[in-house]
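Spelled out, the chains give:
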Amino acid sequence: MIRRLGRSLRVRLALLASITMLLLNVVVSALVMYSLRNEIADSRAHEVSSKALSVLLLVRKNRLPGTLRDGDLDGIQVIDAEGRVVASTPNLAGMARQTTAVPRRNQPNDAAQLCSLPAFPNRCELVVTMHAYQPDGAWVIYAFAPSVPWYVSLEVLLFQIGISAVLIALAWFGVSRVVARTLAPVHSITRRLAEISVGGGGMRLPVPENVDDEITTLAETGNHMLERLESAMKKQEAAVEQQRRFAADASHDLRSPITAMRTQVEDALLHPEEGDWRATGQALLASLDRLQAIVTDLLTLTKLDAGAPAQRERVDLGEVVATETGRPRSKSVATSVEPGVAITGDRLLLARLLTNLLDNAERHAESQIIVTVRQQDGQAVLEVLDDGAGIAPDQRETVFQRFTRLDASRSRDAGGTGLGLSIAREIAHSHGGTLTIEDSKRGARFVLRLPVLRD
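Criteria and cut-off values
Residues numbered from 1 in each chain as written. Predicted model: local features only at pLDDT ≥ 70, side-chain atom pairs only at ≥ 80, totals over all residues. Heavy atoms only, no water. Helix = DSSP H or I, 4+ residues; strand = E, 2+ residues; numbered from the N terminus. Expected span 1.5 Å × (residues − 1). Bend = angle between axes of the 7 residues up to and from the residue. Buried < 20%, exposed > 50% of the residue type's maximum accessible area, 1.4 Å probe, protein only. Core = buried A, V, L, I, M, F, W, Y, C linked by side-chain atoms within 4.5 Å. Contact = heavy atoms within 4.5 Å. Axes fitted to C-alpha atoms, helices over the stretch in contact; angles between N-to-C directions. Left-handed = near helix turned anticlockwise from the far one by under 90°. Nonpolar A, V, L, I, M, F, W, Y, C, P; charged D, E, K, R; others polar. Parallel < 35°, antiparallel > 145°, perpendicular 65-115°, else oblique. Pairing = 2+ DSSP bridges. Phe/Tyr/Trp six-rings, centres within 6.5 Å; stacked < 30°, edge-to-face > 60°. Lys NZ or Arg CZ within 6 Å of the ring centre and 35° of its normal. Salt bridge = Lys/Arg side-chain N within 4 Å of Asp/Glu carboxyl O. Polar contact = N/O pair within 3.5 Å; in protein donor to acceptor, adjacent residues only side chain to side chain.

Participant: Which residues make up helix α2 (residues 154–195), and what are the values?
Facilitator: Compared with the 62 Å implied by 1.5 Å per residue over 42 residues, the 59 Å span of α2 between its first and last C-alpha is a close match. Leucine 183 marks the point of greatest bend in α2, at about 35 degrees, and the proline proline 185 comes within the next four residues. Residues of α2 that are buried: Val156, Gln160, Ser164, Ala171, Ser176, Val179, Leu183 and Ile189.

Participant: Explain the nonpolar core to me, using residue names and the numbers behind them.
Facilitator: If you look at the biggest cluster of nonpolar residues, it comprises 38 residues, and the most contacted ones within it are Leu357, Val384, Leu435 and Phe446. At the level of elements, α5 (317–325), α6 (347–364), β9 (368–376), β10 (379–386), α8 (420–430), β11 (434–438) and β12 (445–451) are the ones that each hand at least two residues to this core. The element contributing the most residues to this core is α6, with seven residues. With residues up to four places along the chain from it excluded, the contact list for leucine 357 reads Val384, Leu421, Ala424, Leu435 and Phe446.

Participant: Give me the lowdown on the packing of α6 against α8, citing residues and values where you can.
Facilitator: Put simply, α6 and α8 touch, their axes get as near as 9 Å, and they point 145 degrees apart. Judged by the twist between their axes, the crossing of α6 over α8 is left-handed. Taking contact as the criterion, the partners of Leu349, Leu350, Arg352, Leu353, Asn356, Leu357 and Asn360 in α6 are, on α8, Gly420, Leu421, Ile423, Ala424, Ile427 and Ala428. Per-class residue counts for the contact of α6 with α8 are nine nonpolar, three polar and one charged.

Participant: Could you give me a rundown of the packing of α5 against α6, with the residues and numbers involved?
Facilitator: Two elements in contact, α5 and α6, have axes separated by 10 Å at closest approach and are oriented at 50 degrees. On the basis of their axis angle, the class for α5 and α6 is oblique. Remark: the crossing between α5 and α6 carries right-handed chirality. Where α5 abuts α6, its residues Glu319, Val320, Val321, Glu324 and Thr325 lie against Arg347, Leu350, Ala351, Leu354, Thr355 and Leu358.

Participant: Which residues make up the sheet that holds strand β5 (residues 137–146), and what are the values?
Facilitator: The strands making up a sheet associate through hydrogen bonds between their backbones, and the pairing can be parallel or antiparallel. Ordered in space as β2-β1-β5-β4-β3, the five strands form an open sheet in which the pairing is antiparallel. Edge positions in the sheet fall to β2 (85–88) and β3 (110–117), since each of these pairs with one other strand and no more. Strand after strand, the sheet turns through a mean of 25 degrees between neighbouring axes, direction not considered. As judged from the five bridges shared by strand β1 (residues 75–79) and β5, these two strands associate in the antiparallel manner. Residue pairing in the sheet places glutamine 77 in a bridge with tyrosine 142 of β5.

Participant: Go over unusual backbone geometry with me, naming the residues and quoting the values.
Facilitator: Unusually for a residue other than glycine, asparagine 122 sits at a positive phi of about 60 degrees. Within the fold, asparagine 122 resides in strand β4 (residues 120–134). Here asparagine 122 falls in the exposed class, since its relative accessible area comes to 77%.

Participant: Help me get a handle on the packing of aromatic side chains, residues and values and all.
Facilitator: Tallied over the full model, the rule gives four aromatic pairs. Where phenylalanine 400 meets phenylalanine 446, the ring centres are 6.1 Å apart and the plane angle is 80 degrees; that geometry is what we call edge-to-face. Residue phenylalanine 400 is found in the loop between β10 and α7 (407–412), and its partner phenylalanine 446 is found in strand β12; the two are separated by 46 residues along the sequence. One aromatic cluster in this structure is built from Phe120, Tyr142 and Phe144. Positioned above the aromatic ring of phenylalanine 400 is the side chain of arginine 425, whose terminal nitrogen or guanidinium carbon lies 3.9 Å from the ring centre.

Participant: Before we move on, could you go through the pairing of β2 and cite the residues and values that matter?
Facilitator: Examined bridge by bridge, β1 and β2 share three bridges and lie antiparallel to one another. From the neighbouring strand, valine 78 faces β2, where its bridge partner is alanine 87. Counted between consecutive antiparallel strands, the loop separating β1 from β2 contains five residues, among which glycine 83 sits at a positive phi close to 85 degrees.

Participant: Describe the pattern of salt bridges, naming the residues involved and giving the relevant values.
Facilitator: Under the defined criterion, the tally for this structure stands at 16 salt bridges. Here glutamate 82 and arginine 84 are joined by a salt bridge, their closest N and O atoms 3.3 Å apart. Relative accessible area serves as the criterion here: at 62%, glutamate 82 is assigned to the exposed category. Among the charged side chains, a network of salt bridges with common partners joins Arg374, Glu383, Glu438, Arg445 and Arg449.

Participant: Outline the sheet that holds β9, listing residues and values.
Facilitator: Spatial strand order, β7-β9-β10-β12-β11: five strands in an open sheet with mixed pairing. If you trace the sheet from one side to the other, it starts and ends with β7 (332–337) and β11, each paired once. On average, each strand axis in the sheet is tilted by 15 degrees relative to the strand beside it, whichever way the strands run. Bridge count between β10 and β12: seven bridges; the pairing is antiparallel. Its bridge partner lying in β12, glutamine 379 is registered against proline 451. Across the face of the sheet, α5 comes into contact with β7, β9 and β10 while running at roughly 170 degrees to β7. Strand contacts of α6: β9, β10, β11 and β12, with the helix running at about 25 degrees to β10, the strand carrying the most contacts.

Participant: So what about the side chain of threonine 355? Which residues, and what values?
Facilitator: Along the polypeptide, threonine 355 turns up in helix α6. Polar contacts involving the side chain of threonine 355 include one to the side chain of glutamate 324, which spans 2.9 Å. Of the polar contacts made by the side chain of threonine 355, one reaches the backbone oxygen of alanine 351; its length is 2.8 Å. Ignoring any residue separated from it by four or fewer positions in sequence, one finds threonine 355 in contact with Glu324 and Arg329.

Participant: I'd like a description of the side chain of serine 164, backed by residues and values.
Facilitator: Position of serine 164 among the secondary structure elements: in helix α2. Not counting the four nearest positions on each side in its chain, serine 164 is found in contact with Asn25 and Ser29.

Listed below in structure tokens is the structure:
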């Protein structure tokens, strides 16, 4: 279909150029033929006047015969002062005066083209008049000759038609070739677009070489679009894969406490008289707490992913650190807070971020956790450092993935949800900041950077 459209466009443009050339040739030819006809008509009038001059001399010498020679003219008539025909060529013998239209007033010698005269029906004649002044008044000599047609002559008409045909053919051929060469890159682009399929990464449109025009711009823009589409498709595939893994991990982690609860209840029901229902209830509460923690974290991630609007206020990071580190923990927490480091954000979400980092550090620290707040390079920096085994460089991004727990983490903390660090990073992103793991001499060093609030 694209090729048919291309051919149709080429034909339409070539046809338009040919019609334009035809109209231009008609106008030019009409002007040329009009000018040429006037010149030839004037020349013929002079020629007829020269041939009629001999009759004028005969009149003036009073030697005018009744019958005149035609002198290669269509006819001659001599009219006396009283309007009578006194002499004529044989073909006009016995005929009345052919016309009174010429000579016109105040033009004793005149030439005009007259049609359908009595002696020349159904055709036009060039009529030249001459006055011969006699004692009884002015005599009129009419000389008739074939008029010059609008096309001047058959040879001139055929020449004009031939020239027009050649120019029209050249216009058709030239425009057709130019349009074909211009549309050739478009055909290449359409063929390549037809070859591109879903998932066919790496496909690019051919860009014309050594050409800087709209088609080149179209090809370059198309390539930029394909790059964006390819990038978007990869992101979408990654997001789909992430959601699939997320759903699988979520179902697994949700199934674990439910399975544990079911097992505990079934064991108690098998021996109801021997079962310790208080201990069973406590075990069930522990599983319910884990289940509630997972559901709460899932809801928090869902809100963060949806971009739910959060409260924005001035938050002093030092105050947040003082509040969250003041709660009892199994490991010692030391703080180093630079005063006056403030940001704009949601106090509750930032507290949740710090709590998640402290919980993670508490699970992996040997004995101490260090929390630092400072301002650096126009950013508010919060660090949480533990003295544990640390995290390998190749796993520093892995720990931020959802439901990810390293083997050491699983062995030391089977009750974690695997969502704490993911939530912390999403909160950091929602505040326009970053959360990363950076090098440290010992343990894991989590660094949060947020835009500082300037007074």
